[in-house]
Amino acid sequence: MIEKPKFEARFLLPKYWLTWFGVSLLYIISWLPYKWQLAMGRGLGKLFYKFVPKRAEVARRNLELCFPDKSATEIEALVQKNMANTGIAFFETGMAWWWPDWRIRRKLHVHGVEHLEAPQKEGKGVLLLLFHFLSLEVHARLHGFVKPAVGLYRPHNNAVMEFLQTRGRGRSNKYMIPRNDVRSMKQAIESGEIAGYLPDQDYGRRRTIFAPFFAVPETSTTTGTLLFANSKKCAVLPTTCFRRDDGTGYDMTFYPAFEHFPTGDDLADVTRVNKMVEYAIMQRPEQYLWVHRRFKTRPNETDPSLYQRS
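In this text the structure is predicted, and so the values were computed from the model without any measurement.

Thresholds applied
Residues numbered from 1 in each chain as written. Predicted model: local features only at pLDDT ≥ 70, side-chain atom pairs only at ≥ 80, totals over all residues. Heavy atoms only, no water. Core = buried A, V, L, I, M, F, W, Y, C linked by side-chain atoms within 4.5 Å. Buried < 20%, exposed > 50% of the residue type's maximum accessible area, 1.4 Å probe, protein only. Contact = heavy atoms within 4.5 Å. Salt bridge = Lys/Arg side-chain N within 4 Å of Asp/Glu carboxyl O. Helix = DSSP H or I, 4+ residues; strand = E, 2+ residues; numbered from the N terminus. Axes fitted to C-alpha atoms, helices over the stretch in contact; angles between N-to-C directions. Parallel < 35°, antiparallel > 145°, perpendicular 65-115°, else oblique. Left-handed = near helix turned anticlockwise from the far one by under 90°. Nonpolar A, V, L, I, M, F, W, Y, C, P; charged D, E, K, R; others polar. Patch = residues over 30% accessible without salt bridge, like charges linked within 9 Å, V, L, I, M, F, W, Y side chains within 5 Å. Areas by Shrake-Rupley, 256 points an atom, 1.4 Å probe, with all protein chains shown as cover. Lys, Arg positive; Asp, Glu negative; His and termini not counted. Charge placed at Lys NZ, Arg CZ, Asp CG, Glu CD. UniProt positions renumbered as here; feature names shortened; annotations may be inferred. Pairing = 2+ DSSP bridges.

Peer 1: Would you take a moment to explain the nonpolar core for this structure?
Peer 2: Among soluble globular proteins, nonpolar side chains are generally buried collectively. Residues Leu 127, Met 185 and Trp 290 are the most contacted members of the largest nonpolar core, which totals 51 residues. Contact partners of Trp 290, with chain neighbours within four places excluded, come to Val 58, Ala 59, Asn 62, Leu 63, Cys 66, Phe 67, Asn 82, Phe 214, Ile 281 and Pro 285. Among the nonpolar cores identified, the runner-up in size contains 37 residues, and Phe 11, Ile 29, Met 95 and Leu 237 belong to it.

Peer 1: Is there a simple way to explain the pattern of salt bridges in this structure?
Peer 2: When the charged atoms of two side chains lie near each other, side chains of opposite charge can form a pair. Enumeration according to the criterion identifies 12 salt bridges in this entry. One salt bridge connects Asp 101 with Arg 141, and the closest N-O pair in it is separated by 2.7 Å. Of the two residues, Asp 101 is situated in helix H5 (residues 101–105) and Arg 141 in helix H7 (residues 136–146); the sequence distance between them amounts to 40 residues. For Asp 101, a relative accessible area of 38% puts it in the partly exposed group. Several salt bridges share partner residues, and in doing so they unite Glu 57, Arg 60 and Glu 76 into one network.

Peer 1: In this structure, what is going on with the packing of helix H3 (residues 53–66) against helix H4 (residues 72–98)? I would like to understand it.
Peer 2: Helix packing geometry: the angle between the two helix axes and the distance between the axes. Interaxial distance between H3 and H4 falls to 10 Å at its minimum, and their mutual angle equals 130°. In terms of orientation, H3 lies oblique with respect to H4. In this structure, the crossing between H3 and H4 has a hand that is right-handed. Residue-level contacts link Ala 56, Ala 59, Arg 60, Leu 63 and Glu 64 of H3 to Ile 75, Glu 76, Leu 78, Val 79, Asn 82 and Met 83 of H4. Class assignment of the residues belonging to the contact of H3 with H4 gives a composition of seven nonpolar, one polar and three charged.

Peer 1: Help me understand a positive patch on the surface in this model?
Peer 2: On the surface, a cluster of positive charge is contributed by Lys 54, Arg 55, Arg 154, Arg 179, Arg 293 and Lys 296. Along the polypeptide, Arg 154 turns up in the loop between strand E3 (150–153) and helix H8 (159–169).

Peer 1: Just to check I follow, could you spell out the UniProt feature "short sequence motif: HXXXXD motif" (unreviewed entry) in the protein for this structure?
Peer 2: The feature "short sequence motif: HXXXXD motif" (unreviewed entry), as annotated in UniProt, sits at residues 132–137 in this numbering. Span residues 132–137 is 33% helix and 0% strand, its end C-alpha atoms 10 Å apart.

Peer 1: Where do I start with the pairing of strand E8 (residues 234–243) in this structure?
Peer 2: Consecutive side chains of a regular strand alternate in pointing toward one face of the sheet and then the other. Counted residue by residue, E8 has 10 buried out of 10 residues, so it is predominantly covered. One ladder, built from five bridges, connects strand E2 (residues 125–129) with E8; its direction is parallel. Across the sheet, Leu 128 pairs through a bridge with Leu 237, a residue of E8. The turn linking E8 back onto strand E9 (residues 250–254) is made up of six residues, and Gly 247 within it adopts a positive phi angle of 75°.

Okay, structure coming up:
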């Protein structure tokens, strides 16, 4: 368990001055009108598309692999939209970490909260499945206004960023758990907490099964979901949070808990999770984190990379 960290004098050392400069700039921008920040984010995304071609190429390749029936023109249009949303996500971090409750709360539109409340009324904890959409920082902050939760996270290598992200993500929630602390995560769920978990990235070969994901038949898929869900006191419940196209806020949706999960058939179970990820992505494909190399781990170490162009 990670409690909210305290400021330390070492954060003022010269090696952190550049970090503080960038963070201060983002903080100042975060006070601008919301729609201004959306416009600035789209502009930043255009710069990402033009001047960070490696990231755009990863997104392009992921989309080609997932949607082989789309034309090159359709793929490129989606890449450009995705880069625009990536730029917006940069400014959303400032909103999520520093906006006062009254300002960010009015952007929240909740759907299906009864699905979240049902297992808690039965005395169960909730393994809340979140996915890597670009509004994830806002999602975490907004969720605390519905039901404060705990969450797994990866500690930042930069001490100042670790201080800021932990405090920012914990503003409306309870506490953070380092992602390798499996015991604390399981204890939180068994004690009735809502615990956020992200099962939709390539975490390598440890605790992995190769399962279908869109048009890629063998995709490295974590079995961590099953590890945490394997308790009678745990309900597995997906949620999404999408940015509205009209700039009026975010739609947070809770879906019904998985029934008869896990079943004991690990491949079928993680495939079921992947199908839920696919369903979520198809609602807002331009808002998903396509710049992550989702298919970097192959079934055999000698298999050629899917990111190498022939």
